[in-house]
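# Structural features, examined
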Amino acid sequence: MHENARTKIKDTIREILNTPAIAFTGRTGHFDFSLYEVLANELNKRKIKFKIDKLSCWIIFDAAKKHYFQAISTTDAQAVNDFVNTLCSIYCETPMDYSIDFHFRNIKIDMKPIDYEFVSIKSGEDVSFGLFEKKEKYAIVSIKSNGFFSSGYPSSFFKNILQDLKSFVFLLKSANLIKLGKKDLSSSMFLSMSGYGDNIQIECINNKYNWMNSSASISESINNFLYNLVLTNDVEPEEVIKKIDESLLLLNSLIKINTKESLRVRAAIDWLVQSEITDDETMAFIQICMGLESVFGDDDYEGGLTTILSDRCAYLIGRNIKDRRFIKDTFKKIYQIRSKIVHGVRNHLSDDEDHLRHLAHYYLERSILKEIKNLDL
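These numbers come from a predicted model, not from an experiment. (Residues numbered from 1 in each chain as written. Predicted model: local features only at pLDDT ≥ 70, side-chain atom pairs only at ≥ 80, totals over all residues. Heavy atoms only, no water.)

### Some details on empty space enclosed by the protein
Here the idea is plain: a probe the size of a water molecule rolls over the atoms and shows the empty space left. Tallied over the entire structure, the rule returns two cavities of 30 Å³ or more. Space inside the largest cavity adds up to approximately 110 Å³. Along its surface, the largest cavity is lined by 14 residues, and Ile 107, Val 141, Phe 168, Leu 172 and Ile 178 are the ones closest to its centre. Contributing elements (two or more residues each) for the lining of the largest cavity: strand 3 (96-108), strand 5 (134-147) and helix 5 (155-174). Take the lining of the largest cavity: its biggest share by element is four residues, from helix 5. Along the lines of polarity and charge, the residues of the lining of the largest cavity split into 14 nonpolar, no polar and no charged. Estimates place the volume of the second largest cavity at around 30 Å³. Taken together, Phe 104, Arg 105, Asn 106, Ile 107, Ile 200, Leu 226, Tyr 227 and Leu 229 make up the lining of the second largest cavity. Of all the elements in the fold, those that place two or more residues in the lining of the second largest cavity are strand 3 and helix 7 (220-227). The element best represented in the lining of the second largest cavity is strand 3, accounting for four residues. A breakdown of the residues in the lining of the second largest cavity according to their chemical character gives six nonpolar, one polar and one charged. (1 Å grid on protein atoms, 1.4 Å probe; cavity = no way out; pocket = protein on both sides within 12 Å on 5 of 7 lines; lining within 4 Å. Points joined across faces, edges and corners; volume = space filled by probe spheres on them. Helix = DSSP H or I, 4+ residues; strand = E, 2+ residues; numbered from the N terminus. Nonpolar A, V, L, I, M, F, W, Y, C, P; charged D, E, K, R; others polar.)

Shown next as structure tokens:
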């Protein structure tokens, strides 16, 4: 950054330090973020895609102040000067690098870390309670990201993280490695005693400033889905690590190429997994249809192109003329129902139409796998 910009940031930091009432003024419901907005405006003049807002600037300031003035008075001139210089550098270092660790305590696995550029996996360790105390290994999925994150803010940061996680879950399920299973009693006991309950532990690790580390929570429906994932018994133990590595390599390649096609595939996976998470079958059906549009639609797609979408689906996954004809016919039925629901004519699928939801799910899953193969990763 230009030295004049740094000087303005440092002056603003000093002004905030000298204004104790800033942000929280003492008046109920009244907040003054004007000086933090000055910081944000100055930082956003940088010629980078990342943009920071005033609330993020306040969160960073508050965390830094608590960390640096634990045993030092804010009246210490040298300490204040050091703080101002350090915090200015921290602001200028945004966006920051993070590792978001998801602890899957019900996926029991003992493995060496497999590290890739975007998504990696390693083993965590818990203590099992019983007659003989032993340490159990479980999977930790680590997703690297760049931006700013603190607890539940900003939510947009975490949406991208969850999309990558859902993609990994999809690939592991497609490889027949994981499934929804019963809760592990030993894990449930440990989680209850450790305060996690039936929750996925999520650690947000700032790769440079550990005092900015935090935990995160996700919606109850996503948490329950992830928490209940377990390894299948259908793959030989020696093949499990190999298939996990293959899935990770594929996912990291999918993220890295970052083309329109790969973005559509990742969006489709997100919709598919979300349809498995939701308890509302009608919403699940709509989400599956959104996934199909992610795969077969165009950037300028405005709806009403059912025939085009059905043709594309049929010719992508159909094995022969008869199969393609059946896919086209059922695809049109699926979209007739979808249109009625979206436009408010109906709010659910009838009992004799529910099979179309399962069929649409099957079409979407096959289409995603075929498109991934076509990307030649």
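### Overview of the environment of Phe 170
Structurally, the position occupied by Phe 170 is in helix 5. Placed 195 residues apart in sequence, Phe 170 and Glu 365 show a C-alpha to C-alpha distance of 9.2 Å. If we ignore the near neighbours within four places in the chain, the residues touching Phe 170 are Ile 269, Leu 272, Val 273, Glu 365, Ile 368, Leu 369 and Ile 372. (Contact = heavy atoms within 4.5 Å.)

### Observations regarding the environment of Leu 272
Within the fold, Leu 272 resides in helix 9 (residues 260-277). Its relative accessible area of 1% is what places Leu 272 among the buried residues. When the C-alpha atoms of Leu 272 and Tyr 116 are compared, they prove to be 25 Å apart, with 156 residues separating the residues in sequence. The contact partners of Leu 272, leaving out residues within four places of it in the chain, are Phe 170, His 361, Leu 364, Glu 365 and Ile 368. (Buried < 20%, exposed > 50% of the residue type's maximum accessible area, 1.4 Å probe, protein only.)

### Regarding the side chain of Gln 163
One can find Gln 163 in helix 5. The class of Gln 163 is buried, set by a relative accessible area of 17%. Ignoring any residue separated from it by four or fewer positions in sequence, one finds Gln 163 in contact with Arg 266, Ala 267 and Asp 270.

### Observations concerning the pairing of strand 7 (residues 201-206)
Of the strand pairs in this sheet, strand 3 and strand 7 are connected by six bridges, and their pairing is antiparallel. Paired with Ile 100 across the strands is Cys 204, a residue of strand 7. With two bridges joining them, strand 7 and strand 8 (residues 214-215) adopt antiparallel strand pairing. When the sheet's bridge partners are listed, Glu 203 is paired in strand 8 with Ser 215. (Pairing = 2+ DSSP bridges.)

### What to know about the nonpolar core
The biggest cluster of nonpolar side chains holds 110 residues, and the ones touching the most others in it are Phe 102, Phe 158 and Ile 244. Sort the elements by how many residues they give to this core and helix 5 lands first, with 10 residues. (Core = buried A, V, L, I, M, F, W, Y, C linked by side-chain atoms within 4.5 Å.)

### Considering helix 5
Between its first and last C-alpha atoms helix 5 spans 28 Å; for 20 residues at 1.5 Å apiece the expected length is 28 Å, and the two agree. With 14 of its 20 residues buried, helix 5 lies for the most part within the structure. Where helix 5 terminates, the next one or two residues include Asn 176, which has phi positive at roughly 60°. (Expected span 1.5 Å × (residues − 1).)

### Focus: the confidence of the model for the chain
In the predicted model, the chain carries a mean pLDDT of 90, and the fraction of residues at 70 or more is 92%. Taking the mean pLDDT of every element in the chain, the minimum, 51, falls on helix 6 (residues 185-194) and the maximum, 97, on helix 9. (pLDDT = per-residue confidence, 0-100.)

### Brief notes about the layout of surface pockets
In this structure, the largest pocket spans a volume of roughly 530 Å³. Residue lining of the largest pocket: 23 residues in total, with Ser 145, Asn 146, Ser 156, Phe 157 and Asn 160 positioned closest to the centre. Looking at the lining of the largest pocket, the elements with two or more residues in it are strand 5, helix 5 and helix 9. Among the elements that line the lining of the largest pocket, the one with the most residues is helix 5, at six residues. A class-by-class count of the residues in the lining of the largest pocket yields 10 nonpolar, eight polar and five charged.

### Focus on helix 9
Along an α-helix, a turn takes 3.6 residues, which lines up residues three or four apart on a common side. With 18 residues, helix 9 should cover 26 Å at 1.5 Å per step; its first-to-last C-alpha distance of 26 Å lies within 8% of that length. Here helix 9 has its buried residues at Ser 262, Val 265, Arg 266, Ala 268, Ile 269, Leu 272, Val 273, Gln 274, Ser 275 and Ile 277. Next to the buried residues of helix 9 lie helix 5, helix 7, helix 8 (237-257), helix 10 (281-296) and helix 13 (354-374).

### Some words on the environment of Thr 232
Structurally, the position occupied by Thr 232 is in the loop between strand 9 (229-231) and helix 8. For Thr 232, a relative accessible area of 10% puts it in the buried group. Residues Thr 232 and Asn 176, 56 residues apart in the sequence, show an inter-C-alpha distance of 6.9 Å. What Thr 232 contacts, discounting residues up to four positions off in sequence, is Asn 176, Leu 177, Ile 178 and Lys 179. Polar contacts involving the side chain of Thr 232 include one to the main-chain carbonyl oxygen of Asn 176, which spans 2.7 Å. (Polar contact = N/O pair within 3.5 Å; in protein donor to acceptor, adjacent residues only side chain to side chain.)

### Considerations on the packing of aromatic side chains
Geometrically, a pair of aromatic rings is defined through the distance of the ring centres and the angle of the planes. Under the counting rule described, the total for this entry stands at 15 aromatic pairs. Ring centres 6.2 Å apart and planes at 80° place the aromatic pair Phe 33 and Trp 58 in the edge-to-face group. Residue Phe 33 is found in the loop between strand 2 (31-32) and helix 2 (34-43), and its partner Trp 58 is found in helix 3 (residues 54-68); the two are separated by 25 residues along the sequence. Each member of the pair, Phe 33 as well as Trp 58, is classed as buried. (Phe/Tyr/Trp six-rings, centres within 6.5 Å; stacked < 30°, edge-to-face > 60°.)

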